[in-house]
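Topology and contacts: notes
Residues per chain are reported as follows:
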Amino acid sequence: EISIKVIKNISIKSSEDFLNTKKYSNVDMFLFDYKPSKNELPGGNAKTFSWNLISDIKIDKPWFLSGGINIHNINEIKNYTIPYGIDISSGVEDKLGIKSNSKITSLLKFYDTK
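Parameters at a glance
Residues numbered from 1 in each chain as written. Predicted model: local features only at pLDDT ≥ 70, side-chain atom pairs only at ≥ 80, totals over all residues. Heavy atoms only, no water. Pairing = 2+ DSSP bridges. Helix = DSSP H or I, 4+ residues; strand = E, 2+ residues; numbered from the N terminus. Axes fitted to C-alpha atoms, helices over the stretch in contact; angles between N-to-C directions. Buried < 20%, exposed > 50% of the residue type's maximum accessible area, 1.4 Å probe, protein only. Lys, Arg positive; Asp, Glu negative; His and termini not counted. Salt bridge = Lys/Arg side-chain N within 4 Å of Asp/Glu carboxyl O. Polar contact = N/O pair within 3.5 Å; in protein donor to acceptor, adjacent residues only side chain to side chain. Contact = heavy atoms within 4.5 Å.

Taken in spatial order, the four strands of this open sheet run β1-β2-β3-β4, and their pairing is parallel. Every interior strand has two partners, whereas the edge strands, β1 (7-12) and β4 (85-87), have only one. Taken pair by pair, the neighbouring strands of this sheet meet at an average axis angle of 25°, ignoring direction. Pairing analysis gives three bridges linking strand β2 (residues 29-34) to strand β3 (residues 63-66), with the strands arranged parallel. Opposite leucine 31, over in β3, you have phenylalanine 64 as the bridge partner.

Next up on the list: the side chain of lysine 61. With respect to the secondary-structure elements, lysine 61 resides in the loop between β2 and β3. Aspartate 60 is the oppositely charged side chain nearest to the buried, salt-bridge-free lysine 61, at an N-O distance of 5.5 Å. At 2.7 Å, the side chain of lysine 61 forms a polar contact with the backbone oxygen of serine 25. Excluding residues within four positions of it along the chain, lysine 61 makes contact with Tyr24, Ser25, Asn26, Val27, Asp28 and Phe30.

Counted according to the given criterion, the structure contains three salt bridges. Aspartate 17 is the partner of lysine 35 in a salt bridge, and the nearest nitrogen-oxygen pair spans 2.9 Å. Separated by 18 residues along the polypeptide, lysine 35 in the loop between β2 and β3 and aspartate 17 in the loop between β1 and β2 bring together distant segments of the chain. For aspartate 17, a relative accessible area of 8% puts it in the buried group. For the salt bridge of aspartate 94 with lysine 103, the shortest nitrogen-to-oxygen distance reads 3.8 Å.

Okay, structure coming up:
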């Protein structure tokens, strides 16, 4: 038997956006990401939503944090929450779409898990 986990992306701009998690009782995990405005791309904007929004939420499923995470702000996450995981993408690119092994390694070494 194959077991597949489903992760649902929820775009966040305000605390009300977390209410969208109630619509997806059949998913296993959530990924909270920056909510782009109408003139922005739907993803890959290298922008964060206000992480203080997440400090008081109660979600009964594991969740990931995404959007604009890089070596300069990764340790700030701990000021607000400890997510199940993080999604890094544009924050570890040398140029658009090209990931940097050294940036990934540096980010992971820099992140203080204490």
